[in-house]
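# Reading the structure
Now for the letters of each chain:
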Amino acid sequence: MEGVVVTQWQPPRLRLFEDAHRRATWLELLYDLVFVVAVAELADVLPRSVPAFVGLFVPIWWAWLGYVFYANRFDTDDVSHRLLALPQILAVAAMAASVSDIDQRSGLFAIAYVVVRVLLIVAYVRAGRHVPEARPLTTRYAVGFAVAALIWLASLAVEPPQRYAFWAVALAIDLVTPLLTRRAQGKLPPQSEHLPERFGLFVVIVLGEVVAAVVLGLKGHDVTPGTLLIALAGVAIAMGFWWLYFGHTDESVVLRTRLAGQVWVYSHLPLSLGLVAFGIGIEHAIMHPSSSSWSVGLPAAVVLAVLGLQHLCSSDRRAGVIRLGAAALTLATSALPVAAALPLIILYAAAQVAYDLFRPQPELAA
């Protein structure tokens, strides 16, 4: 973490071209902490409704991403920055408190999300005022995010399920806004040293949900040799995912091209969804060890496919093809019973780890 703590008032400044080694600040880690709770609450939604889980995960992930990219370019960790960031933590906590009973608390969820986005818009307007060269980017972000926020507010005029249609439109605008500002982004690319660390920290959060799901599964079921083996297999596969992801976390993708960088960024959404769903699948397998392994194999296949896509974005095509091949094998394996599928998935992950360890390292394109 950065060793210098700045507490006085400062205007936003551009952080992209600083020579100092940059790490996550204590405020960023505090910001991440509330998402640990949010992801845990979302995990409880998945067994009841897959569409609700996905639909609620997207705005929570996007709220996290919005702060990450603002801080990546403009973070000063001064008093004004903290006053804009800390209320966002409270708003995300309100979002997390809403997801378990979303039909009754959808209004609270929408208002809390709007608070997060309005604070981000204020931060971008302020950055554009103090950093003239960033104004084309900050203005486009502020306008696009403001339109989406207004639609979220308009959704309060109708009741669920019609309200969720408004949310879908607003989220589409939110997600598309950065894609429509690629030219402005090209002049102010993200600070590449800082970004992989921030995404890696979120991956750690969702991997933690796998461990939590294993603990809950064992806690709510008699511990037998069979259930213990399923739990250990789930943790072992999660460790394989960790190895495959963090063995490739560097600046190469972010620096290669804007398109590759954006694919890498957006691919973390299905990656995170897959990791959380895998944890819940393991919990289900512990509770129902004789069932088929679709609840485990399908999210594991999604995770491996996304990892393959990320390798392709960094021009490491051979590793990308291997990851995609492993994803296809995992998907086919999902039709097998849990006791047969889990050892095979472990084998697929271990084979990829071994390949990464012993192959000659490729020269990645800049």
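The structure contained in this document is the topic of the report that follows. (Residues numbered from 1 in each chain as written. Predicted model: local features only at pLDDT ≥ 70, side-chain atom pairs only at ≥ 80, totals over all residues. Heavy atoms only, no water.)

Further remarks concern the overall build of the chain. Helix and strand counts for the chain stand at 14 helices and zero strands. Moving toward the C terminus, one meets the helices and strands of the chain in the order α-α-α-α-α-α-α-α-α-α-α-α-α-α. Against the 2.2 N^0.38 benchmark of 21 Å for 366 residues, the chain shows a C-alpha radius of gyration of 21 Å, consistent with a compact globule. Overall, the chain is about 60 × 55 × 35 Å in size when its C-alpha atoms are taken along their principal axes. Within the chain, one finds 25 positive and 25 negative side-chain charges whose respective centroids are separated by 9 Å. (Helix = DSSP H or I, 4+ residues; strand = E, 2+ residues; numbered from the N terminus. Rg over C-alpha atoms; globule rule 2.2 N^0.38 Å. Lys, Arg positive; Asp, Glu negative; His and termini not counted. Charge placed at Lys NZ, Arg CZ, Asp CG, Glu CD.)

Let us look at the side chain of Ser293. By the element assignment, Ser293 lies in the loop between α11 (258–287) and α12 (294–313). Residue classification places Ser293 among the buried positions, given a relative accessible area of 1%. Not counting the four nearest positions on each side in its chain, Ser293 is found in contact with Leu298, Thr333, Ser334, Ala335, Leu336, Pro337, Val338 and Ala341. (Buried < 20%, exposed > 50% of the residue type's maximum accessible area, 1.4 Å probe, protein only. Contact = heavy atoms within 4.5 Å.)

Structurally, Leu16 is set in the segment before α1 (26–45). For the pair Leu16 and Leu188, spaced 172 residues apart in the sequence, the C-alpha separation amounts to 7.4 Å. What Leu16 contacts, discounting residues up to four positions off in sequence, is Asn72, Arg73, Leu188, Pro189, Pro190 and Gln191.

Further remarks concern helix α3 (residues 79–98). With 20 residues, α3 extends 29 Å between its outermost C-alpha atoms, agreeing within 8% with the 28 Å of an ideal straight helix rising 1.5 Å per residue. Regarding α3, the residues found buried are Ser80, His81, Leu84, Ala85, Gln88, Ile89, Ala91, Val92, Met95, Ala96 and Ser98. The secondary structure elements touched by the buried residues of α3 are α1, α2 (50–74) and α4 (102–130). (Expected span 1.5 Å × (residues − 1).)

Looking now at unusual backbone geometry. Along the chain, Pro160 connects to Pro161 via a cis peptide bond; the corresponding omega equals 5°. Relative to the assigned elements, Pro161 resides in the loop between α5 (135–154) and α6 (162–176). With a phi close to 55°, Asp77 is a non-glycine residue in the positive phi region. Mapped onto the secondary structure, Asp77 falls in the loop between α2 and α3. The class for Asp77 is buried, based on a relative accessible area of 10%.

To continue, consider the packing of α4 against α6. Packing of α4 against α6 brings their axes to within 12 Å, and their N-to-C directions diverge by 25°. Overall, the two elements α4 and α6 adopt an arrangement that is roughly parallel. Note that α4 runs across α6; the crossing there is left-handed. Judged by residue contacts, Ile102, Asp103, Ser106, Gly107, Phe109, Ala110, Tyr113 and Arg117 of α4 engage Arg163, Tyr164, Trp167, Leu171 and Asp174 from α6. (Axes fitted to C-alpha atoms, helices over the stretch in contact; angles between N-to-C directions. Parallel < 35°, antiparallel > 145°, perpendicular 65-115°, else oblique. Left-handed = near helix turned anticlockwise from the far one by under 90°.)

Let us now look at the side chain of Thr76. Along the chain, Thr76 turns up in the loop between α2 and α3. Its relative accessible area of 5% is what places Thr76 among the buried residues.

As a further point, take the environment of Ile121. Among the secondary structure elements, Ile121 is positioned in helix α4. Each C-alpha atom of the pair Ile121 and Leu65 lies 13 Å from the other, and the pair is 56 residues apart in sequence. Excluding anything up to four places from it in sequence, Ile121 contacts Ala142, Phe145 and Ala146.

Glancing now at the packing of α12 against helix α13 (residues 317–333). Where α12 meets α13, the closest approach of the two axes is 7 Å, and the angle between their N-to-C directions is 170°. It follows from the interaxial angle that α12 and α13 lie roughly antiparallel. Like other packed secondary-structure pairs, α12 and α13 cross with a definite hand, here left-handed. Together, Trp294, Gly297, Leu298, Ala300, Ala301, Leu304, Ala305, Leu307, Gly308, Leu309, His311 and Leu312 of α12 and Arg317, Ala319, Gly320, Arg323, Leu324, Ala326, Ala327, Thr330 and Leu331 of α13 make up the contact between the two elements. Tallied by class, residues from the contact of α12 with α13 come to 14 nonpolar, five polar and two charged. (Nonpolar A, V, L, I, M, F, W, Y, C, P; charged D, E, K, R; others polar.)

Side chains of Leu30, Leu33, Val36, Val37 and Leu86 sit close together on the surface and give an oily, nonpolar patch of about 400 Å² of accessible area. No other element matches α1, which puts four residues into the nonpolar patch. Note on placement: Leu86 falls in helix α3. Since its relative accessible area comes to 35%, Leu86 is described here as partly exposed. (Patch = residues over 30% accessible without salt bridge, like charges linked within 9 Å, V, L, I, M, F, W, Y side chains within 5 Å. Areas by Shrake-Rupley, 256 points an atom, 1.4 Å probe, with all protein chains shown as cover. Salt bridge = Lys/Arg side-chain N within 4 Å of Asp/Glu carboxyl O.)

Time to look at the pattern of salt bridges. The full count for this structure, using the stated rule, is six salt bridges. In this structure, the salt-bridge partner of Arg23 is Glu197, at a minimum N-O distance of 3.1 Å. Residue Arg23 is found in the segment before α1, and its partner Glu197 is found in helix α8 (residues 194–219); the two are separated by 174 residues along the sequence. Across the pair Arg323 and Asp356 runs a salt bridge, and its minimum N-O distance is 2.5 Å. Remark: Asp356 occurs in helix α14 (residues 338–358) and Arg323 occurs in helix α13; sequence separation between them is 33 residues. For the residue pair Arg323 and Asp356, the accessibility class agrees, reading buried in each case. Through salt bridges with shared partners, one network takes in Glu28, Asp32 and Arg198.

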